[in-house]
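# Observations on the model geometry
Each chain is listed here by its residues.
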Amino acid sequence: MSNQQPVLEIRDVSIAYETAVGPVQAVSHVNLTLDENSIVGLVGESGSGKSTLANAVMRLLRGAARLTSGQILVKGQDVYALSPQELRRFRWNVMSMVFQSAMTVLNPVMTVEQQMIDVFRSHRPEMSVREAHQRSLELLDMVRIDRRHARSYPHELSGGMKQRIVIAIALALEPSLVIMDEPTTALDVVVQRSILDQIKELQKERRFAILFISHDFSLVSELASRVAIMYAGRLVEVADSQGLTLADPLHHPYTLGLMRAIPHLSAEDVEIEGIPGNPPNLVELPTGCAYHPRCPSASAVCEREVPTLRQVGGRAIACHIFDPEKRGEFAHVS
Amino acid sequence: MSLNHLAQESSGAPLVQVEHLAMRFRLRGGQWIRPVDDVSFTIDRGEVLALVGESGSGKTTIGRLLLRILEPSAGRMVVDGRDITHIRGRQLAEYRRVAQMIFQDPFASLNPVKTAEDHLLFPVRKHRGGRPAEVSAVVDDLLTRVGLTPVAETRRKYPHELSGGQRQRLAIARTLAVEPRFLVADEPISMLDVSIRAGILKLLNELKRELGLSFLYITHDLASARYFGDRIMVLYAGKVMETAPARELVAHPRHPYTRLLLAATPGSSHQGALPETANIPPNLSESRQGCPFAPRCPLATEICHETMPAAEDVGSGHRVACHHLEA
Ligand SMILES: Nc1ncnc2c1ncn2[C@@H]1O[C@H](COP(=O)(O)OP(=O)(O)OP(=O)(O)O)[C@@H](O)[C@H]1O
Ligand SMILES: Nc1ncnc2c1ncn2[C@@H]1O[C@H](COP(=O)(O)OP(=O)(O)OP(=O)(O)O)[C@@H](O)[C@H]1O
Ligand SMILES: [Mg+2]
Ligand SMILES: [Mg+2]
């Protein structure tokens, strides 16, 4: 264990959306820590709460969304204790985010360079236009885009180039924490891979921490050293990525289900198995463990009690099966 | 009435034969692009051909040509013994009973104000006729076939009351209502949640095995192409780069573009930098010359920029179009 201060501490965070049919609990009691210079993946299916959690870290929850419990510390600083001015400085300088629809985030009527200069000028008012211009060109170099594209408008660039620019802007002020919400999902695999390689390279060089959000299990386990798996607003497992193989049976049943559901490119045995049932509806969440209606190992206790994360062989798993006191309940599971 | 109608005759000829297929489009500027260019392939009865390639490489266009939603600019397509290249009117309507399409977005392909049974009653009645009780029994069969049970409950549901996976199952049931022999499945799982994709892929696999259906499976995901495809055909900028039995293609790719694609796919054993020299979007212009991959290819020489290589058979059904095969 390192005694360094973590870059990000998410402590017991819950977030609800107020809706016409009552509050929808999109995130429930999430705990997650990111160390300096680390890449942690956050995976989960559509609607599991990944973006909601990311927005909460950035303190970007709007309108109907509300933090209903918990605390978020970035470099020891409670994000929700910052004044609006402090928060403005804190974003970009200490933490930044690449949004899920990143490519549409670029302003269509401004050149690439103007948008980069804007970021520098508004967050580093002391910086001269000349220096901001120079730094913008360096940002383009950093993500290997020809400097001649400084004067291009977004529509003149390919999807991959736009994505690189959005990533460059997120890194412009050298933050300690960068949240990337599905940064490559809309791109072709070759472009995706070259951007991921670049992210890895930059991360190694500059040693910032990344919370990388995706629904692509194989991609995340290649990129991140640790992976947090979310289901219906809760973390069901946090594990080192090397251990995320079917050869290792010590996992949450949902994690195992996901691993079986994905055809693998090179595995000899290509048999796959879907997870029965349907993804949960947050408005009528099942009682107890939200996964129990789809879980092959579920027993009566799973319908009654919500399991919490407990340490199991070096990973954290929220499943009653691993609770020694409930062992008797699972006599039917081998 | 049984859904198992394909056990009959197998004439030996492939179900689908495509020769020198081409499609040109005129862009607003007046120039012509050719996103499908001299494409030839066959699909046997009960066989799945997976078509992979990056966005804009012409996959959907090939699917639409095969269903004759588009009429080709050149080439010939024979399906189930009939030349469908330029058919119209009644012949085209008849062809809709042979070939059907499964779309990426099941929601968009269903009618929001119709129940699940409405989606099936009409095509079943039209296609097979019969008394109401018989038609109704076929609808039950179809729903059971695609795993939408209990049937009585599903019949009354509207698309918005079904989950994404269930909607795709309903869309599949509808294509089966006319007892087709050939399905074009265009990215049928890419919009679905990860946990339910496997279920749909397995269903398609069952339809292939149990009904003997043939598929053109369009995807950009090599892992699912390897799982469902008997063979994989790799397309780049509208031209076929390589075709091989699925496992062979993944284990022994011969074309530099296939190697690049494989190296970039999550889960591949490839380590280190990608084998490519530049990341240039493909040129679809009709006046282009040579191999369309040449501007990005690490092996490219002068000849690659001048002449498109012919596909060469390298054994066991593995065909590659590359001037530098020895590498
Ligand atoms: N503005 C809103 N009002 C009400 N509910 C919302 C709102 N935004 C999101 N939700 C609900 O919160 C849940 C979590 O949504 P979120 O966008 O965080 O999921 P996600 O894991 O990022 O999904 P995806 O993979 O599709 O991006 C979903 O069930 C969603 O329907
Ligand atoms: N009706 C049309 N008119 C003009 N251009 C077209 C037309 N239909 C397709 N194209 C162009 O043809 C090319 C191939 O498109 P197609 O949709 O077949 O690609 P694809 O391989 O299916 O891509 P994706 O993976 O993004 O679905 C693209 O450049 C597209 O813009
Ligand atoms: Mg999201
Ligand atoms: Mg397409």
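Look above for the structure.
So, a few notes on the structure that sits alongside this text. (Residues numbered from 1 in each chain as written. Chains lettered and ligands numbered in written order. Predicted model: local features only at pLDDT ≥ 70, side-chain atom pairs only at ≥ 80, totals over all residues. Heavy atoms only, no water.)

## Let's talk about the site of ligand 1
Residue and element names in this part refer to chain A. Definition in use: One heavy atom within 4 Å of a molecule or strand is enough for the residue carrying it to be called near that molecule or strand. Pairing of N or O atoms within 3.5 Å defines a polar contact, subject to two protein rules: one partner must be a possible hydrogen donor and the other a possible acceptor, and residues neighboring in sequence count only if both atoms are side-chain atoms. Calculation of accessible area relied on Shrake-Rupley with a 1.4 Å probe; when residues are assessed, cover is drawn exclusively from the protein chains displayed. Starting at the N terminus, helices and strands are each numbered in turn, a helix being any DSSP run of H or I of at least four residues and a strand any DSSP run of E of at least two.
Around ligand 1 lies a shell of 14 residues, among which Ser 46, Gly 47, Lys 50, Ser 51 and Thr 52 are the nearest. Contacts to ligand 1 include Ser 46, whose side-chain N or O atom sits 2.6 Å from an oxygen atom. At 2.8 Å from an oxygen atom of ligand 1 is found a side-chain nitrogen or oxygen belonging to Ser 51. In the complex, 64% of the free accessible area of ligand 1, which totals 640 Å², lies under the protein chains. Those elements giving two or more residues to the shell around ligand 1 turn out to be strand 1 (8-19) and helix 1 (50-57). The biggest single contributor to the shell around ligand 1 is helix 1, with 3 residues.

## Digging into the sheet that holds strand 1 of chain A
Pairing between the strands of a sheet comes from backbone hydrogen bonds, and it takes one of two forms, parallel or antiparallel. Residues and elements named next belong to chain A. So the rule is basically this: Following DSSP output, two strands are said to pair if at least two bridges run between them. When checking whether two residues touch, look at their non-hydrogen atoms; a contact exists if any pair is within 4.5 Å. Only the stretch in contact is used when a helix axis is fitted, and all axes are lines through C-alpha atoms; the angle between N-to-C directions ranges over 0 to 180 degrees.
One open sheet accounts for 4 strands, arranged 2-1-4-5; its pairing is antiparallel. Here the strands that pair on one side only, and so sit at the sheet edges, are strand 2 (22-34) and strand 5 (77-78). Where strand 1 and strand 4 (residues 65-74) come together, 8 bridges link them in antiparallel fashion. Bridge assignment links Leu 8 to a residue of strand 4, and that residue is Val 74. Sitting on the sheet, helix 1 is in contact with strand 1, strand 2 and strand 4, with an inclination near 115° to strand 1.

## Focus: the packing of helix 2 (residues 84-93) of chain A against helix 3 (residues 112-123) of chain A
Two packed helices can be described by the angle between their axes and the distance between those axes. Residue and element names in this part refer to chain A. Convention followed: Roughly parallel means an angle under 35 degrees; roughly antiparallel, over 145; roughly perpendicular, 65 to 115; everything else is oblique. In this scheme the handedness of a crossing depends on how the near helix is turned from the far one: anticlockwise by less than a right angle means left-handed, clockwise means right-handed.
Look at helix 2 against helix 3: their axes get within 10 Å of each other, and the N-to-C directions meet at 135°. As judged from the angle between their axes, helix 2 and helix 3 are oblique. When the axes of helix 2 and helix 3 are compared, the crossing they make is left-handed. Within the contact between the two elements, helix 2 uses Arg 88, Arg 89, Arg 91, Trp 92 and Asn 93 and helix 3 uses Val 119, Ser 122 and His 123.

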